[in-house]
Amino acid sequence: MQIKIVIGTIAFMIAMMVLGYSALREPARLGRFTNAEVGRSIEAGSEIFANNCTTCHGTDGTAQNCVDSTGNQIACQGLPLNYNALLCGDVSQRMTDMNWSGTKANYVLTTISAGRGAMPTWHEQFGGPLRPDQVQNVANFVLNWESETLCSAPVVTYEWPDQVTDFLSGPDVTSPGDATRGADLYAVTYGCAACHGAHDGSTPAAIGPSLIDIKTNGATRVDGMDAQQYVYHSILFPSDFIAPECPTGPCAGPPSVMPANFASRMGDNPQDMADMLAFLLGE
Amino acid sequence: MATFVEQVREMGIKQAIVTKADDVVERLTAGMNINDVRAALRGDEPRRPNPRLRPHADGFWLHIRPSFYHTGVTNIYPTFRLGWLSTFMLVWETITGLILMVFYTPSPLSAYGNMWNILGNVPLGQLFRNMHRLGAEVMVLVVAMHMLRTFVTGSYKKPRQFTWATGMLLLVFTIFLSFSGYLLPWDQLAYWALTVFISGGAAAPAPAFVNENIMLILQGGPALGADGLLRWYLLHVLLLPLLAGIFFFVHYYKVVLYGISLPPGREQVGEDTAKRVPKDERTYYIPDILTSELMWSALATLFLVAGALWLWDAPLETHADPVVTPLHVVAPWYLSWSQGWLKLADKTLVVGFIPLLLVAFIVMPYIEVGKSRRYADRRVGLTVAMLFIAAMLVSNWMGSPEFRVQSSPDREVSIQVLPEEGPGGIKGIPYEHLTPGTYSPGQVIDGNPFLTRGLELFQSAMYQQSCTLTGNPQWTACTVETLDNGTRRFSNFFTTDAMPDPVAHLEIVEVQPNLKELILHYEITNPDTGAVSKTEWTRPRHAFSNYEEECRFLNKSCATD
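No experiment lies behind these values; they were computed from the predicted model shown. Sequence order sets the numbering: in each chain, residues are counted from 1 along the sequence as written. Just so you know, chain letters begin at A and ligand numbers begin at 1, following the order they were written in. Residue-level local features of this predicted model are given only where pLDDT is at least 70; pairs of side-chain atoms are given and counted only at 80 or more, and the full residue set underlies all totals for whole chains, interfaces and linings.

Looking now at the packing of helix H7 (residues 125-152) of chain B against helix H12 (residues 285-311) of chain B. Residues and elements named next belong to chain B. The N-to-C vectors of H7 and H12 enclose an angle of 115°; their axes lie 8 Å apart at closest approach. When you trace H7 past H12, the crossing you get is right-handed. Side by side, H7 and H12 meet where Leu-127, Asn-130, Met-131, Leu-134 and Gly-135 of the first sit next to Leu-304, Val-305, Gly-307, Ala-308 and Leu-309 of the second. Classes in brief: Ala, Val, Leu, Ile, Met, Phe, Trp, Tyr, Cys and Pro nonpolar; Asp, Glu, Lys and Arg charged; the others, Gly included, polar. Taken together, the residues of the contact of H7 with H12 break down into 7 nonpolar, 3 polar and no charged. Note on geometry: axes are C-alpha line fits, over the in-contact stretch for helices, and angles between N-to-C directions span 0 to 180 degrees. Runs of E in the DSSP output that reach at least two residues are strands. Runs of H or I that reach at least four are helices, and both are numbered from the N terminus. Each crossing is labelled by how the near helix is turned from the far one, with a counterclockwise turn of less than a right angle marking it left-handed and a clockwise turn marking it right-handed. Each residue gets a C-beta atom placed from its backbone, and two residues are in contact if those atoms lie within 7 Å.

Next comes the structure, spelled out in structure tokens:
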């Protein structure tokens, strides 16, 4: 019996020492695990992103390289996410543009959950296909693009002149624009055709008004604006003037469902605007 | 009795305190004073009347315990302490489970997050989760072994048939307790193991109306969801522990009533002398059995604490996803045999057979009435038992991933090198050693033993799924068969569906800060048509994901080991 008491006591003491040893190492272990949930969440988010988001936002989130399910290069209809103006700073440029007063994480999460403009809803609560944890995973993945390299590049803010004539005669563009390049910008780079339809009428407008006759229509919409000024202004400030007829009935707004960020996107290369105008209003 | 103050006046403060302490100890032990306790621990003969019997007569805790055992059952053989260990495991699981319950909410919205909170935010959380999970598996093992030894020593025979029957129920409760806890983390492993199990239950040979309702009741809806999780949680923490507790006491009451049966050789055939213990064959509970039980408890505690800390890590896969079925859904090892049976026979047949088997086990001692418990007289019974165990082991192996349906050869390589879940293969390599670049199988990377080891694993996985038609020394030569439809099939020693002269490589790309993608590329040229098929398999790996931590444990295999 005595030997049993000795063995039992020693075993119990060793067990308590092992427990104490693990307790001593616990702060370090907890430290290693603190961000593990975020890490795994980002991993899961990257897969959901690859399967659901890349057709509009691009494989690397820059909205420049979008392929459809068969592997064809298509126009990116989404906004860039791997992008300075979305991710950098506590209050990023895009949050300011959208008058968002919450946190950046909430901005991304809410946009994914409930949609925004042409962005569909993703959270099952709003009729989307994703569970809450999946939406959170995608949001964590998108936010993970923030890096020093991304944020050290300055945000380009181009000052657009009020009048299109000042713009076209200004030093930043070669006038007149290149309508051929404009056609490419319309169909692919900025993805205008997705909502406004192909300019040759081969695919009809889906959401926004058809722009086939904008050269004549545009001149009569707003007093004191010719077609060129009207189109120029409407690209920069989509909510200022609402077109009367959309494919699904009277156009909604203000605010317009058209993304309001073409001013900043085209600001990277103002020549795009000149080419686009040349294409839309071409002789 | 004099009050304490009076005692102090009478015999002085020191003697009064000693008397008071003696009194307290005697009350707590329900009859043994300090000297009695010390004498018991020293192994002295008890005084008369024996104070060591009073805790059994007057105390609550020892009331159900016999005051002495037959010395013939106090050695390791014949009990192997398995009954005591089963009880210990039940208590162990209750204590660790109660602690885990504090950090758990049974809702699909929070359950999975709770697991990460337990791992990353609760001091000793991982240890307790591992102890609970390891304890659950050990408990199934111990209870099953307890049943086996009861059979082998013939202890189920008259008059202990009912003890055996309640023991069978306790085995079932133990398995259900272990399995019902499976669902609670709400990860892929949990979700799909339960989904398969429930769909099995719904295949019972009964009218469709009954099966549909079984399914509805077990899942709480057309699919496993919030209601189902709540139900399995309540089963796990309330109903099953309650049933196990009740039947434990019924079982143990019968054990005490009939006594633990002596080793078969120690009594005449047909005799049951366990309750007639001669004076010189008595081993008293206090102190001998008690110290023995405490010793075994201490040893089991040590094993479970150390095991949970170093050997065995409870798995946690990705969040449960009803629309993504993992490539290989596996049952826990103690139910693996049923998965093996499902590969042999129709589902309805198997599901109908299992309850029949259980009933057969329960009624077995009432039908098998051979009087002798001696091994030599029970050659048929013991042979049948050994054959049954062998059949169960084979069934278990057939239910294991070793014996699964093969998917395409490149997929088989991929899930070995970069599994969907867990830290296996290359995923467990520390993040900083996953240098971006393109690597071929078996390549040696100077100064990077981790990646070198990973590529070695890639090479050996490829070797099993590849063969060569061109004499490439990397692979074994293809065995070529022409099928009826004219296509050719390429085999090697391991598989009948090998890749002929594959070109494969591993690509590591950094796609985001702290996030890399590990991509396996395969390129196979069809030797008949010349058509090139390219496939790839991508797994993301984040710097914070801490797979390395899991690799420390014996039950997780990583390329870094």
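Once you've had a look at it, read on.
Residues and elements named next belong to chain B. Where helix H13 (residues 336-344) contacts helix H14 (residues 347-367), the axes come no closer than 8 Å and their chain directions differ by 140°. Taken together, the axes of H13 and H14 lie oblique to each other. Classified by chirality, the crossing of H14 by H13 is right-handed. Residue-level inspection shows Ser-338, Trp-341 and Leu-342 of H13 in contact with H14, the latter providing Lys-347, Val-350 and Ile-354. Looking at the contact of H13 with H14 residue by residue, the classes come out as 4 nonpolar, 1 polar and 1 charged. Note on terminology: angles under 35 degrees are roughly parallel, angles over 145 are roughly antiparallel, angles of 65 to 115 are roughly perpendicular, and the others are oblique.

Bringing the pairing of strand E6 (residues 488-491) of chain B into the picture now. Residue and element names in this part refer to chain B. Two strands pair if DSSP finds at least two bridges between them. As paired elements, strand E5 (residues 479-482) and E6 share 4 bridges and run antiparallel to each other. Considered in E6, the bridge of Glu-481 is made with Arg-489. What sits between E5 and E6 in their antiparallel hairpin is a turn of 5 residues, with Gly-486 showing a positive phi close to 95°.

In this section: the interface of chain A and chain B. Chain A puts 36 residues into the contact, and the matching count from chain B is 37 residues. Within the residue set of the side of chain A that touches chain B, elements represented by two or more residues are helix H1 (2-34), helix H2 (36-52) and helix H7 (132-143) of chain A. A total of 19 residues in the side of chain A that touches chain B trace back to one element, the largest contributor, which is H1(A). Broken down by class, the residue content of the side of chain A that touches chain B amounts to 18 nonpolar, 9 polar and 9 charged.

The subject of this paragraph is the nonpolar core. One broad trend across soluble globular proteins is that nonpolar side chains are buried collectively. Of all hydrophobic cores here, the largest spans 65 residues; its most connected members are Met89(B), Trp186(B), Ala190(B) and Leu194(B). Per element, the largest residue contribution to this core is 10 residues, and it comes from H7(B). Note on terminology: a nonpolar core is any set of buried Ala, Val, Leu, Ile, Met, Phe, Trp, Tyr and Cys residues joined through C-beta atoms within 7 Å. Counting other C-beta atoms within 10 Å of a residue's C-beta gives its exposure: the residue is buried at 20 or more, exposed at 12 or fewer, and partly exposed in between, where C-beta atoms are placed from the backbone. Met95(A), Leu109(A), Trp122(A) and Leu515(B) belong to the second-largest nonpolar core, a separate cluster that totals 31 residues.

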